[in-house]
Amino acid sequence: MTGRIFSLVFGAVLLTACQRESRSFRLDPPIAASLEAVAPMPNGIGGAPPDSDAVLGHPYLTNAYNLNQGKQLYTWFNCKGCHADGGGVTGPSFLNGWWRYGPQAVSIFISIRDGRPRGMPAFGNHLTTEQLWQLAGYVRTIGAYSAMTAAPSRNDEMQSRPAENRAPAAIATPSDQWPATRYR
Amino acid sequence: MLQQDRWLAVALLLSLACESFAGPAQPVSQGASVNPATRFSSLAQIDRHNVGQLKLAFTFRTGRLGAQGSAPLLWGTKLLILSAFPHTLFALDLTRPNGTISWQLTPAANRVVDGLHCCDRIHLGPISNGNRVYIGTLDGHVIAVDPQHGQPVWDVAVADPALGETLASAPTLAQDRLIVGNAGDDFGARGWIAALDSNTGRTLWKRYSTGPDQDVGTRREFQPSRPEDSGIDLGTHSWPGTSWQHGGGSVSGWTLYDPTLQLLFHNTGPAAPWNPEPRPGNNLWTAGVFARDPRTGEARWFTGLHRHGLYGWRNGSANLILEHAWGGSARSLLIHPDADGRLYVMDRKTGELLAADSFLSEPRAQKTSSTAPIPRTNLQVRNICPAWVGAVGADAALDEATSWLYIPVSRLCMDLEDRSANYIQGTPFIGANVRVNSNSAARGELVAWNIVARKAVWRIPERLPIAADTLVTRGGVVFYGTLDGMLKAVDAHTGALLWQFKTAAALTGQPTTYEGPDGRQYIAVVAGASGPYGLAQQAWIDRRDATAARGLARVMANVDPPRDPSGTLYVFGLP
Amino acid sequence: MARHALSLIALLCCGCAGWQSALDTHAVQGTRLAHLIWLFVGVCAVVWVTVTVVLLLALRKKNDCPDDGPHTPAEASERRMARIVRAAAIATAGIITSLTIVSFYATRELTSAAVAALDLRVRGYQWWWEVTYLDARPDQVFITANEIHVPVGRSIHLRLAAADVIHSFWVPSLTGKQDLIPGRENTLTFTPQEVGIYRGQCAEFCGLQHAHMSLLVVVDSAADFEHWRRGQLAPAATPRGPEQETGKRLFENKACASCHNIQGSTASGTIGPDLTHLASRHYIAAGSLATNRGSIAAWLADPQTIKPGNNMPRVRLNAGELNALSAYLAALR
């Protein structure tokens with residue numbers, strides 16, 4: 001009898017330990033408003049991120065749901081047309097970890113929201129602030145130097161590059177030899 | 001050296017005398033010697049016997065990174081070259097040694113277009129009617145310049161970057177009109193072609209590649225060569241809803257003017273987006289060849305080559321003219337090498353299709369269209385040959401003496417996955433992921449094609465796709481350039497390699513030839529990457545992504561990076 | 001007791017009727033399946049009753065053996081037992097085989113190769129349905145969302161595709177289920193027999209809002225269908241009045257145009273549902289709310305509370321913008 005009670009209690013405790021990652025679909029309005037409050041440097045490179053970002057634990061870099069939404073937005077808003085899957089076309093690549101306007105997520109957010117002079121369109125009118133942050137967070141993780149625990153869901157599209165959470169910027173550039181067999 | 005100086009002095013005196021007689025001459029482009037309708041040069045000083053002795057006469061470094069492709073133009077004793085964007089038009093005084101700059105002009109540049117040009121080959125001029133020099137700029141301006149002193153005469157904006165439009169080709173002169181067409185069907189820009197008054201820059205007419213008959217110009221004089229092209233407003237009815245408004249069909253290639261028939265010939269680019277599923281129907285009038293009246297822009301005929309295009313094949317390669325008997329009667333022919341690997345021969349008067357032979361060594365194009373699954377959303381179709389970039393990498397050249405065509409070929413294949421395409425103005429409108437690869441070690445080829453006999457005479461395999469125009473001269477030499485910077489001269493009859501020179505960057509421009517003020521023939525080419533292959537070589541491209549540079553980054557994987565990527569003019573002459 | 005039993009029976013019976021019921025069918029295929037269901041229920045009920053009765057009888061049977069010695073089975077009863085078991089086994093095999101054959105013929109009719117009057121492509125997104133009416137003439141092709149209109153009595157052919165994950169198309173009053181699988185095109189054919197409105201539901205778990213991914217199939221008479229079709233081909237209604245004009249301008253300039261398409265405006269986005277004739281549909285947000293200006297305004301103001309996790313973001317709008325936009329959208333008949 002005691003054994004049965006004990007196993008019941010133990011099982012209940014085990015189940016409560018399954019903590020799901022939290023997803024916020026609807027930010028509180030003050031927090032949503034605060035996400036717009038970035039203070040860029042005068043040259044537009046870098047700046048102070050919103051205070052709420054740190055308080056929430058950098059959710060746009062570490063929360064898998066946000067990264068996944070960012071990944072969906074990356075396809076939907078034609079980022080692939082100029083940046084491919086991070087390798088670059090007319091726009092620069094993100095994979096190599098070199099950032100023209102600095103690696104901070106704030107710089108990337110400002111780039112997407114306001115555009116940049118050499119051809120990056122401004123998406124501030126096309127996306128909400130939260131979506132801009134989701135996209136900026138996803139783009140930041142494409143050129144990550146260390147492997148991450150949070151990652152967007154697996155690629156449903158044609159295989160192009162290693163998965164986002166594998167620290168692609170740290171992987172050495174592949175050799176210059178033309179592959180003997182066609183890439184599959 | 002001393003002898004050269006003496007000749008230069010004589011030339012200088014002569015040129016001073018001649019300049020006082022300079023007046024409006026016949027329309028010229030790339031110097032009087034290269035015929036824009038055939039890319040054949042009548043100069044024969046350099047021929048198959050002495051081309052092996054060609055030496056570098058001088059070089060000129062424009063110092064501008066980016067898409068280089070424009071051919072130098074000889075005007076009087078000046079050699080004019082247009083640098084990459086942001087453009088500077090340089091005039092080099094050929095009477096002075098080593099490419100001394102006579103004047104230079106840098107018009108204001110809208111840098112937004114840096115993000116708007118990807119995969120069109122850039123050859124923006126200059127061209128000249130003898131009196132004025134005209135250039136197109138990537139950010140959509142056409143500028144008339146006084147070539148004596150380099151002063152702009154007029155400057156009009158014709159393309160709107162906000163709509164995704166840019167200019168990729170120089171205007172074409174049709175008597176006193178400048179004909180210019182836009183680029184940008186990867187951005188969903190609606191294709192158009194316009195005529196400007198060459199004296200004032202005022203737009204005289206503008207016709208579109210999609211839309212109602214009034215916009216396209218298929219109302220009054222149009223005689224369709226195929227029954228499916230007759231009907232009212234096919235430019236809207238062959239599209240669902242209003243998708244024709246961003247349906248592509250750009251006129252990014254060179255427009256050809258035929259003074260004999262008084263007609264313009266131009267290509268229309270692929271339909272937008274690449275994904276064919278959102279645009280069921282024939283998608284007129286994209287992916288074909290138009291003949292238009294240069295006075296009104298009204299279309300005379302249209303030959304559709306890829307109705308409801310499936311693969312995003314580019315259509316920027318120039319059309320050429322040939323007068324030859326065909327099927328027993330004398331015909332006016334239009335020669336059109338196409339991205340699908342076929343050489344289309346049309347009757348210039350009616351648009352009737354006379355031949356469509358594959359110039360590829362393995363006729364993959366036919367296999368692709370008949371056996372490959374039709375691309376649709378979320379489906380991966382593999383090994384489509386030729387790849388989206390097309391089988392013909394640049395403009396071909398036609399030897400007027402033999403009627404042989406020298407085609408620069410690219411032999412690439414692609415894996416294509418169509419996705420949902422979302423139209424946001426000013427952003428890419430493609431709807432496809434693409435990886436490019438090749439089935440053979442020779443990714444390029446120079447093909448000598450006998451148009452009348454309808455077969456290849458010889459082929460030269462190349463390790464890399466050939467993305468530079470070819471040039472053939474009366475001296476029996478064919479010049480072409482490779483993506484690793486080699487400028488080669490081969491015998492036009494046999495294909496034997498006669499001479500080659502390694503330049504400091506990829507060759508994607510137009511080799512040209514001219515007769516200098518000293519009366520000697522020179523070969524000139526600007527080295528520097530333009531077009532999709534040039535893009536794949538840029539420093540910001542990361543090859544770990546197989547779709548980088550629309551899949552071409554991996555094709556250019558084992559090409560040495562350019563030693564000097566900024567555009568450099570190389571001029572060669574006999575010693 | 002009787003009253004309780006009666007109310008229980010009534011409760012059970014109301015599950016059969018309605019606009020989303022596999023037992024209240026109004027199409028050829030659905031009816032076939034409903035008959036199959038009733039056949040199975042009937043046969044299995046009879047079998048179950050028989051088995052239960054036999055079981056109870058067996059339990060009630062007294063033990064005949066007086067002593068505790070080993071039981072010697074009587075020859076006759078053993079033979080009788082064997083006959084009964086043999087009969088039961090044959091009956092079971094026969095019932096199963098015949099049910100299988102009947103089921104085979106019924107499901108074969110679901111994919112009949114009859115010439116279809118209408119060809120539609122239904123593409124499932126998370127969590128809405130995109131419906132493209134296909135036609136050999138491209139200018140007769142149009143796109144709508146979440147509501148399918150079909151003419152009565154004609155064979156309707158559906159091409160089922162998915163944009164992201166596996167969904168399943170299920171309109172129980174009309175026909176059975178068929179999955180929508182990314183990369184594959186499945187087909188489904190049905191022939192509606194009665195004019196009416198029938199509700200469908202996504203039947204394959206596809207994410208957070210799977211439960212709120214419903215659709216309507218409206219079966220019209222031939223004339224009504226043609227009228228509806230022409231209306232859908234036309235561009236969106238021109239805005240009437242300054243408020244609607246402001247709404248249209250806001251729609252084109254704000255984030256709306258990047259995701260939604262309204263023919264006749266500059267909005268050409270394809271990520272979200274086509275809104276050209278939004279107000280002609282009975283529901284918005286895949287069955288979440290009935291279509292009226294108020295519900296449209298509620299949806300615009302806060303889609304994440306109504307349908308948490310769906311891909312429509314909460315665009316910041318002030319009161320004036322909300323009024324103008326909802327006026328414009330509510331007028332898009």
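Residues numbered from 1 in each chain as written. Chains lettered and ligands numbered in written order. Predicted model: local features only at pLDDT ≥ 70, side-chain atom pairs only at ≥ 80, totals over all residues. Heavy atoms only, no water.

Colleague: Help me out: how do you make sense of the state of the cysteines in this one?
Modeller: Structurally, a disulfide amounts to a covalent bond that connects the sulfur atoms of two cysteines. Residue and element names in this part refer to chain B. The tally for this structure, following the rule as stated, stands at two disulfides over all chains. There is a disulfide in this structure between Cys-118 and Cys-119, and the S-S distance comes to 1.7 Å. This pair shows no difference in class: Cys-118 is buried, exactly as Cys-119 is. For Cys-385, the disulfide goes to Cys-413, at an S-S distance of 2.2 Å. The S-S bond linking Cys-385 to Cys-413 shows a torsion near 105 degrees; that makes this disulfide right-handed. (Disulfide = S-S within 2.5 Å. Buried < 20%, exposed > 50% of the residue type's maximum accessible area, 1.4 Å probe, protein only.)

Colleague: Help me understand the sheet that holds strand 17 (residues 256–258) of chain B, please; the structure alone is not making it clear to me.
Modeller: All names here are of chain B. One open sheet accounts for four strands, arranged 17-18-19-20; its pairing is antiparallel. The outermost strands of the open sheet, each flanked by one partner alone, are strand 17 and strand 20 (299–304). Neighbour-to-neighbour, the strand axes of the sheet open up by a mean angle of 20 degrees, direction not taken into account. Bridge analysis of strand 17 against strand 18 (residues 263–268) gives three bridges, and the strand direction is antiparallel. Directly across from Leu-256, in strand 18, lies its bridge partner Phe-265. (Pairing = 2+ DSSP bridges. Helix = DSSP H or I, 4+ residues; strand = E, 2+ residues; numbered from the N terminus. Axes fitted to C-alpha atoms, helices over the stretch in contact; angles between N-to-C directions.)

Colleague: Where do I start with the interface of chain A and chain C in this structure?
Modeller: Across the contact, 17 residues belong to chain A and 19 residues belong to chain C. Note on chain A versus chain C: buried area summed over both sides is about 1400 Å², and carbon and sulfur give 52% of it. Inspection of the chain A/chain C interface yields two salt bridges. Here Asp-302 of chain C and Arg-26 of chain A are joined by a salt bridge, their closest N and O atoms 2.4 Å apart. Broken down by secondary-structure element, the contributors of at least two residues to the side of chain A that touches chain C are helix 2 (29–34) and helix 5 (64–76) of chain A. In terms of residues, the side of chain A that touches chain C owes the most to one element, helix 5 of chain A, which gives four residues. Here the side of chain A that touches chain C is built from residues that sort into eight nonpolar, six polar and three charged. (Contact = heavy atoms within 4.5 Å. Buried area = accessible area lost by both parts, 1.4 Å probe. Salt bridge = Lys/Arg side-chain N within 4 Å of Asp/Glu carboxyl O. Nonpolar A, V, L, I, M, F, W, Y, C, P; charged D, E, K, R; others polar.)

Colleague: Would you mind showing me how to read the sheet that holds strand 15 (residues 192–197) of chain B here?
Modeller: Backbone hydrogen bonds hold the strands of a sheet together, and the pairing may be parallel or antiparallel. All names here are of chain B. Spatial ordering of the open sheet is given by 13-14-15-16, a layout of four strands whose pairing is antiparallel. Looking at which strands have only one partner, the edges of the open sheet turn out to be strand 13 (172–174) and strand 16 (203–208). Neighbour-to-neighbour, the strand axes of this sheet turn through a mean angle of 25 degrees, independent of strand direction. Both strand 14 (residues 177–181) and strand 15 contribute to a ladder of five bridges, which runs antiparallel. Bridged to Ile-179 within strand 15 is Ala-195.

Colleague: Mind showing me how you'd approach the pairing of strand 14 of chain B here?
Modeller: The side chains of a regular strand alternate between the sheet's two faces. Residue and element names in this part refer to chain B. Along strand 14, five of the five residues are buried, which leaves the element largely enclosed by surrounding structure. Pairing of strand 13 with strand 14, which is carried by three bridges, proceeds in the antiparallel orientation. Paired with Ala-174 across the two strands is Arg-177, which belongs to strand 14. Here strand 13 folds back onto strand 14, and the loop between the two strands holds two residues, one of which, Gln-175, carries a positive phi near 55 degrees.

Colleague: Whenever I open this one, helix 5 of chain A confuses me. Can you help?
Modeller: Think of an α-helix as 3.6 residues a turn; residues three or four steps apart then line up on the same face. Residue and element names in this part refer to chain A. If you check helix 5, its first and last C-alpha atoms are 18 Å apart, about what 13 residues at 1.5 Å a residue would give, namely 18 Å. Along helix 5, the residues that are buried comprise Tyr-65, Asn-66, Leu-67, Gln-69, Gly-70, Lys-71, Gln-72, Leu-73 and Tyr-74. Turning to helix 5, the residues buried within the fold contact helix 4 (59–62), helix 6 (79–83) and helix 8 (129–142). Looking one or two residues past helix 5, Asn-78 carries a phi angle of roughly 65 degrees, positive in sign. (Expected span 1.5 Å × (residues − 1).)

Colleague: Teacher, can you tell me more about a positive patch on the surface here?
Modeller: The grouping of Lys-61, Arg-80, Arg-83 and Arg-86 of chain C at the surface amounts to a positive patch. With respect to the element layout, Arg-83 of chain C can be found in helix 3 (residues 75–108). (Patch = residues over 30% accessible without salt bridge, like charges linked within 9 Å, V, L, I, M, F, W, Y side chains within 5 Å. Areas by Shrake-Rupley, 256 points an atom, 1.4 Å probe, with all protein chains shown as cover. Lys, Arg positive; Asp, Glu negative; His and termini not counted. Charge placed at Lys NZ, Arg CZ, Asp CG, Glu CD.)

Colleague: Teacher, can you tell me more about the packing of aromatic side chains here?
Modeller: Pairs of aromatic rings are described using the distance from one ring centre to the other and the angle between the two planes. Tallying each qualifying case throughout the model produces 33 aromatic pairs over all chains. When the centroid spacing of 5.2 Å and the interplanar angle of 80 degrees are considered together, the rings of Tyr-423 of chain B and Phe-429 of chain B count as edge-to-face. For the residue pair Tyr-423 of chain B and Phe-429 of chain B, the accessibility class agrees, reading buried in each case. The structure contains a cluster of three or more aromatic residues connected by ring pairs, namely Tyr-74, Phe-94, Trp-99 and Tyr-138 of chain A. Above the plane of the ring of Tyr-101 of chain A lies Arg-116 of chain A, whose end atom (NZ or CZ) is 3.9 Å from the centre. Here the guanidinium or amino end of Arg-292 of chain B rests over the ring plane of Phe-290 of chain B, the centre of that ring lying 4.2 Å away. (Phe/Tyr/Trp six-rings, centres within 6.5 Å; stacked < 30°, edge-to-face > 60°. Lys NZ or Arg CZ within 6 Å of the ring centre and 35° of its normal.)

Colleague: Honestly, the environment of Tyr-145 of chain A in this entry has me stumped. Any pointers?
Modeller: Within the element layout of this structure, Tyr-145 of chain A appears in the segment after helix 8. Measuring from C-alpha to C-alpha, the distance between Tyr-145 of chain A and Arg-166 of chain A comes to 8.6 Å, with 21 residues separating the pair along the chain.

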